[in-house]
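Each chain is listed here by its residues.
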Amino acid sequence: MIHNGATPGRLAALLGAAGIAVHLALAGEHAGHAPAALAGLAVLAFACLPCGLRLWRAPSDRAAWVSLLAISGLMTLLHLGMRPQGAMLATVLAVPAAQILLLGLETLIRRRSAVPDPSRA
């Protein structure tokens, strides 16, 4: 059961953490032959870290959500610029879509908890 809206925020933060892991794994693959790619992937991986940690600690923090979605949108544009195909394209589009859906769920939970329950009056 979802309690206090923590689950959507933490799931969105976990999606960001998964992105960090993928970028670091890719950076490792390029370490020996493409130092510029290694540096770029490492920077991109750690760009997600501050807002993901903030969202994990405070799953309803609006500023953390805005930061996460802004970085997710930027990453989507960067990835689409590389013209991904197949599974990569699906992933590039699925991650921000999932984060947006999680924000919608978080918003619904927050609104629902803000409305007084007439049966408890």
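Scroll up to find the structure this text is about.
Cut-off values and rules
Residues numbered from 1 in each chain as written. Predicted model: local features only at pLDDT ≥ 70, side-chain atom pairs only at ≥ 80, totals over all residues. Heavy atoms only, no water. Helix = DSSP H or I, 4+ residues; strand = E, 2+ residues; numbered from the N terminus. Rg over C-alpha atoms; globule rule 2.2 N^0.38 Å. Buried < 20%, exposed > 50% of the residue type's maximum accessible area, 1.4 Å probe, protein only. Contact = heavy atoms within 4.5 Å. Areas by Shrake-Rupley, 256 points an atom, 1.4 Å probe, with all protein chains shown as cover. Lys, Arg positive; Asp, Glu negative; His and termini not counted. Charge placed at Lys NZ, Arg CZ, Asp CG, Glu CD. 1 Å grid on protein atoms, 1.4 Å probe; cavity = no way out; pocket = protein on both sides within 12 Å on 5 of 7 lines; lining within 4 Å. Points joined across faces, edges and corners; volume = space filled by probe spheres on them. Nonpolar A, V, L, I, M, F, W, Y, C, P; charged D, E, K, R; others polar. Phe/Tyr/Trp six-rings, centres within 6.5 Å; stacked < 30°, edge-to-face > 60°. Lys NZ or Arg CZ within 6 Å of the ring centre and 35° of its normal. Axes fitted to C-alpha atoms, helices over the stretch in contact; angles between N-to-C directions. Left-handed = near helix turned anticlockwise from the far one by under 90°.

1. Concerning the overall build of the protein chain
Line of reasoning, step 1. On a plain count of helices and strands, the protein chain comes out with 5 helices and 0 strands.
Line of reasoning, step 2. Going from the N terminus to the C terminus, the protein chain shows its helices and strands as α-α-α-α-α.
Line of reasoning, step 3. Taking 14 Å as the expected radius of gyration for a compact globule of 121 residues, we find that the protein chain reaches 17 Å, considerably beyond that expectation.
Line of reasoning, step 4. Principal-axis analysis of the C-alpha atoms places the extent of the protein chain at approximately 65 × 25 × 20 Å.
Line of reasoning, step 5. When the 121 residues of the protein chain are sorted by exposure, 25% land in the buried category.
Line of reasoning, step 6. In the protein chain, once contacts between residues fewer than 6 apart in sequence are set aside, the share between residues at least 24 apart is 62%.
Line of reasoning, step 7. Accessible area for the protein chain stands at about 7,800 Å²; split by element, carbon and sulfur atoms hold 71% of it.
Line of reasoning, step 8. Counting 9 positive and 4 negative side-chain charges, the protein chain places the averaged centre of each group 5 Å from the other.

2. Let's talk about the layout of surface pockets
Line of reasoning, step 1. Considering only enclosed or pocket space, the largest pocket measures out at about 620 Å³ in volume.
Line of reasoning, step 2. Lining the largest pocket are 27 residues, with Gly19, His23, Met75, His79 and Val92 positioned closest to its centre.
Line of reasoning, step 3. Within the residue set of the lining of the largest pocket, elements represented by two or more residues are helix H1 (6–30), helix H2 (35–47), helix H4 (62–81) and helix H5 (86–114).
Line of reasoning, step 4. Residues of the lining of the largest pocket, tallied by class, amount to 19 nonpolar, 8 polar and no charged.

3. Comments concerning the environment of Ser72
Line of reasoning, step 1. With respect to the secondary-structure elements, Ser72 resides in helix H4.
Line of reasoning, step 2. Linking Ser72 and Gly19, residues 53 residues apart in sequence, is a C-alpha distance of 9.8 Å.
Line of reasoning, step 3. Not counting the four nearest positions on each side in its chain, Ser72 is found in contact with Pro96 and Gln99.

4. A few points about the packing of aromatic side chains
Line of reasoning, step 1. Under the criterion given, the structure shown has 0 aromatic pairs.
Line of reasoning, step 2. Residue placement shows Arg10 over the ring face of Trp56; its charged tip is 4.7 Å from the ring centre.

5. Some thoughts on unusual backbone geometry
A negative phi angle characterises most non-glycine residues, just as the trans form characterises most peptide bonds.
Line of reasoning, step 1. Notably, Arg83 is not glycine yet its phi reads approximately 55°, a positive angle.
Line of reasoning, step 2. With respect to the helices, strands and loops of the structure, Arg83 is situated in the loop between H4 and H5.

6. Regarding the packing of helix H3 (residues 49–57) against H4
Line of reasoning, step 1. Orientation of H3 relative to H4, taken along the N-to-C sense of each, is 145°, at an axis distance of 9 Å. With respect to the hand of their crossing, H3 and H4 are arranged in left-handed fashion. Note on element contacts: H4 touches H3 through Ala63, Ala64, Trp65, Ser67, Leu68 and Ile71, opposite Cys51, Arg54 and Leu55.
Line of reasoning, step 2. In terms of residue class, the contact of H3 with H4 is made up of 7 nonpolar, 1 polar and 1 charged.

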